[in-house]
Amino acid sequence: MTTPTQNGYRVAVVGATGAVGEAMLEILAERKFPIAEIAALASSQSVGREVSFGRKSVVVDDLATFDFKGWDFALFSAGGSVSAEHAPRAAAAGCIVIDNTSHFRMDPEVPLVVPEVNGEVLKDFESGIIANPNCSTIQMLLAVAPIHRKAGVARINVCTYQSVSGAGRAAMEELGRQCADRFNFRDPEPEVFDLPIAFNVLPAIDVFEDNGYTREEMKMHRETQRILSSADILVNATAVRVPVFIGHGEAVHLETVKPISVDEISAVLASSPGVSLLSGTELATPLTHATGKDDVWVCRLRRDLSHPQGIDFWVVADNVRKGAALNAVQIAELLVAGRHQN
């Protein structure tokens, strides 16, 4: 990372016209990240468009011809193939890349980071690429990691209920169109998804792997083990797409290594950064609690009746915000804070 100017850092947002890219720009402005200069980058088709950065407008530049030399941070969210081509180019120019795609997540040379969970892995990080985990993994581990630190977690069964925004802006538009079609007695025509999503649920996300699980489900398995630095934690996931615009829900069932009471877990979660715990019969939903919020929301914390050391809870989060854009900005904030301490 280059030495910042007196006014702050030079930051480029790649994929600035997408939902996550727009959220990155919004959050950078909201949280008053120390920025001297901001660049909004996208494909040549979007060059010349304007995107919002706080109260300012930024003209979109062409990623393909952009020179990253002299820039401090590049936040990527434009698809795996784009990151594969341009993230190494940005890193080679001395820019710290924080990548929101899955392309680098399992690369042992690339840190996979949720700041509240394993931010310490960036203590000596100087340059290169950092990977943002999958949105579903992030929100699950915000709740699971504090329990793991207290009592150890041996096994996780999780069912996700994922909003269409996880598949991008086109998927959100498809849900809107299909709702209108249904209300007007027209059969919807799927384009983004293989089957209609309006008033429906799709019990698979991403492509199937040879073991019968989808890639989305295996991401949660592999990323959890990597982030928590434990190959012994078993994760059994079922990923489901639901007709919600923004915000993922997850039903989490875990088994701890050591005995721990529900009250102890409640106390741990209540004091954990990034977690808001609801008590009793209070319910958290993507619409009422998660959308537009930074925290993950946990409710229905209870003992699993089928296992003596089992714990169940429900967790929701804004997948575009905390599950992608905010986590990336928090990584940059962590690096800046560490730089100022040294």
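Residues numbered from 1 in each chain as written. Predicted model: local features only at pLDDT ≥ 70, side-chain atom pairs only at ≥ 80, totals over all residues. Heavy atoms only, no water.

Considerations on the layout of surface pockets
In this structure, the largest pocket occupies an estimated 1300 Å³ of space. Taken together, 50 residues make up the lining of the largest pocket; nearest its centre are Ser165, Gly166, Ala167, Gly168 and Arg241. A per-class count over the lining of the largest pocket returns 22 nonpolar, 19 polar and nine charged. (1 Å grid on protein atoms, 1.4 Å probe; cavity = no way out; pocket = protein on both sides within 12 Å on 5 of 7 lines; lining within 4 Å. Points joined across faces, edges and corners; volume = space filled by probe spheres on them. Nonpolar A, V, L, I, M, F, W, Y, C, P; charged D, E, K, R; others polar.)

Quick notes on the pairing of strand S3 (residues 50-53)
Because side chains alternate across S3, one face comprises the buried residues Val51 and Phe53, and the other comprises Glu50 and Ser52, none of which is buried. Of the strand pairs in this sheet, S3 and strand S4 (residues 56-62) are connected by four bridges, and their pairing is antiparallel. Counterpart to Glu50 in the pairing with S4 is Val59. Hairpin remark: S3 followed by S4, antiparallel, with two residues in the connecting loop; positive phi at Gly54, about 65°. (Buried < 20%, exposed > 50% of the residue type's maximum accessible area, 1.4 Å probe, protein only. Helix = DSSP H or I, 4+ residues; strand = E, 2+ residues; numbered from the N terminus. Pairing = 2+ DSSP bridges.)

Focus on the packing of helix H4 (residues 135-151) against helix H7 (residues 262-270)
For the pair H4 and H7, interaxial distance at closest approach is 9 Å and the crossing angle is 120°. Of the possible angle classes, the one that applies to H4 and H7 is oblique. For the pair H4 and H7, the crossing hand works out as right-handed. Residues Ala143, Pro146, Ile147 and Lys150 of H4 touch H7, and the partners they reach there are Ile265, Val268 and Leu269. Tallied by class, the residues present in the contact of H4 with H7 amount to six nonpolar, no polar and one charged. (Axes fitted to C-alpha atoms, helices over the stretch in contact; angles between N-to-C directions. Parallel < 35°, antiparallel > 145°, perpendicular 65-115°, else oblique. Left-handed = near helix turned anticlockwise from the far one by under 90°. Contact = heavy atoms within 4.5 Å.)

Observations regarding the environment of Val60
Mapped onto the elements, Val60 comes out in strand S4. C-alpha of Val60 to C-alpha of Ile96: the two residues are 36 residues apart in sequence and 20 Å apart in space. In contact with Val60, not counting residues within four places along its chain, are Thr17, Ala40, Leu41, Ala42, Ser46, Val47, Gly48, Arg49 and Val51.

Side note on the sheet that holds strand S13 (residues 310-317)
Judged by pairing direction, the sheet is mixed, and its six strands sit side by side in the order S9-S8-S10-S13-S12-S11 without closing on themselves. The two strands at the open ends of the sheet, each matched to only one other strand, are strand S9 (234-241) and strand S11 (275-277). Between one strand and the next, the sheet's axes are offset by a mean angle of 20°, whatever the strand orientation. Where strand S8 (residues 153-162) and strand S10 (residues 248-256) come together, eight bridges link them in antiparallel fashion.

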